[in-house]
Structure formats: structure tokens, C-alpha cells
Amino acid sequence: MSCYKIALNFEDGVTRFIECKDGEKVLDAAFRNKINLPMDCSDGVCGTCKCRAESGSYDLGDDFIDDALTDDEVESGLVLTCQMKPTSDCVVAVPTTSAACKTGQQSFAATVARVSPHNDAAIVLELDVDAAPAFLPGQYANIDVPGSGQNRSYSFSTAPGEGGIGFLIKKIPGGLMSSWLERAEVGTTLQLTGPLGSFYLRDVQRPLLFLAGGTGLAPFLSMLEVLARENATQRIHLIYGVTRDLDLVLVDEIEAYTKRLANFSFATVVAEEASNHQRKGWVTQHMPAEVLNGGDVDVYLCGPPPMVDAVRRHFDDHGVKPASFHYEKFTPNAVVKEAA
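The structure contained in this document is the topic of the report that follows. These figures come from a predicted structure and were not determined experimentally.

What follows covers the overall build of the chain. Helix and strand counts for the chain stand at 7 helices and 19 strands. Here the chain has a C-alpha radius of gyration of 21 Å; the compact-globule value for 340 residues is 20 Å, and the two agree. Along the first, second and third principal axes, the C-alpha set of the chain runs to 65 × 50 × 35 Å. By residue count, 52% of the 340 residues in the chain fall in the buried class.

Moving on, we get to unusual backbone geometry. Residue Pro195 follows Gly194 across a cis peptide bond; omega there is 10°. In this fold, Pro195 is placed in strand E13 (residues 189-196). Located in the positive-phi region is Asn119, a residue other than glycine, with phi close to 55°. The residue Asn119 is located in the loop between strand E8 (107-118) and strand E9 (122-128) in this model. The residue Asn293 is not glycine, and still its phi comes out positive at about 50°. Looking at the secondary structure, you find Asn293 in the loop between helix H6 (289-292) and strand E17 (298-303).

The rules behind the values
Residues numbered from 1 in each chain as written. Predicted model: local features only at pLDDT ≥ 70, side-chain atom pairs only at ≥ 80, totals over all residues. Heavy atoms only, no water. Helix = DSSP H or I, 4+ residues; strand = E, 2+ residues; numbered from the N terminus. Rg over C-alpha atoms; globule rule 2.2 N^0.38 Å. Buried < 20%, exposed > 50% of the residue type's maximum accessible area, 1.4 Å probe, protein only.

What follows is the structure, given as C-alpha cells:
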């Protein structure tokens, strides 16, 4: 019997993955996994179980009334989980918290496989896991810093389904995680919580514009790997902006995707005036009209708050209205992430 993987994204940023059997309703699959999605009648009458299907294919079901789910709501992607039967893997946004559904964050253990510094700018942390966690490309995890009682949040830089997981971490002098990584030993066990976050790759239906600032490159590496596996044919352009020349890391990995993705291109931008880089300034100064495709483009943006705010202002000032715009901003110590 076929099974489909369903990602339930709650409004508090928690994501839980469940398996839904062929012909099974999402609500029933969730209950089977002890996740109490909102419901009342379970007969397609009240509309209490209304959620949004953000990707995947499914059968809406026939046993619901118009008052519970209107044609306009169907057109916008809303579904009744008491009726929805997936016919592929799906992502479903649930308009309530994970706690309200009597579930919560998932934790798992991983061991340090490699710590690779890149100049004085960033560190690549590679971890081995007994069972690779399910996540959506672009999401993040909280990593406990051993002996501190604290954690830090980092986006997965690897794609789902790989044997291990990786993170691209900004190196901060005296920073809690940076200091620990300087003495981290291979084989050390770490505790992680995740996946988390509403910043992730949606179904690709039009050209993509990726805007990365510094170690905000991490989620795009995950997305690019997934797109390469799927042989995506839409045009994809990445603009990778940093402060200094030394902050440009993993450019060879980005370059490799120009050979694996037929319509992928990228540009690097350095802000420092003393740089001899061929493109200097800010990402907004190196955003040609063709990559915006007259607004028929999905934009993904990840970087520090000033960059995210600058791009948003640029779009507003120039009347740019992408078909969809997803962004995530992070603080320098990677404690807080904000997405929309």
C-alpha cells in the first residue's frame, strides 16, 4: 500500500511529519499519529478542520458542503483535513499552535563528523545521525551548545534524505557556539530540536529568485540540492551578498549547480568599498529586471535584518510585487529567526 509523507506546519513554527496511507484522510492519519488537528464534526459540515495545502496533490473529497469550504477557498488552496486524501507528499499549514494539537517539537541526537572553518567567516558543521530527520528545504533546527544550557538556531545546509546533516555557521569571536566549535571533537554527541520554521521551498511553478546574505546562504544550498535532484527546469537566479571578500564561502559548491541545473545562474556581491570584487555594493544594486520577470517570480530571501529590510524597502520603492515573497531574518548570534 502506498504511503505519503505529510508535513504539518503549525503557526508556532513547529513541523511534524506523518505518513498518510493511500486513500486515508489527513485528519485520520494525524489522529493515528496522536496529533489532534482541529475538528468538530469530521463530516465536512462545520469547517473547523480547515487548513491550507501548500504543496502536493490530493483529492478534496465529495462529502462537504459549500458553507464549510467555498469554491473560492478551494481555489486558494484551502482544504478540509477531514475530507482531504493525499495522492502525493504534501505540505499542510495548520492555523493553530502545535501545543493546541497536543504535539510539539521533536528532538534527536547527532554526532560531530567534521568541523571545517572557512577563513574567519564561517564554519561548516557536519553531523552524523542514526536516522536522518525529515525536514523541508530551508527549515532550521535548534542545536544545544554542550555544557551551556543554551541553544542556537541554524538552517540545514544539506537536503532532506541525506545520510548526514550539515549547517553553515557564522563565526563570531567569543560567540557561544563559535567558541565551542573551536574545541569540538569528532564523535561528540549533540542534541537538536526540529525541524522548525515557515521558510522553506514551495512547489516550483515559476522562476525563482534567491537572495542570500552571509551565512543566510545555508537554506539555499538545501533548496538547490532538492531542485537538482528533481531536475527543475524553471529559471533560478541566486544573488549572494557579503560584507568582505573573505565572507564569500562555498562558492565552488554554488558553481557546481550551474552544471546540474540547466537554468541556474548566480552572482556574488561584496559590500566593502576596499574590495576588488567585480560586483560591489548591495544585492539590490545587482538585481537585473529580467530576474524579476515582471513580477511573475517567487522570491526567497534569507539574511541579517538590515539586508531583509533593505530588500523589502527596495521592492516597495520600485513597485516590485513578486507572485510570492518568502523571507527569513536572523540575529548575529542566530538565537532568533523571523520568517514571513
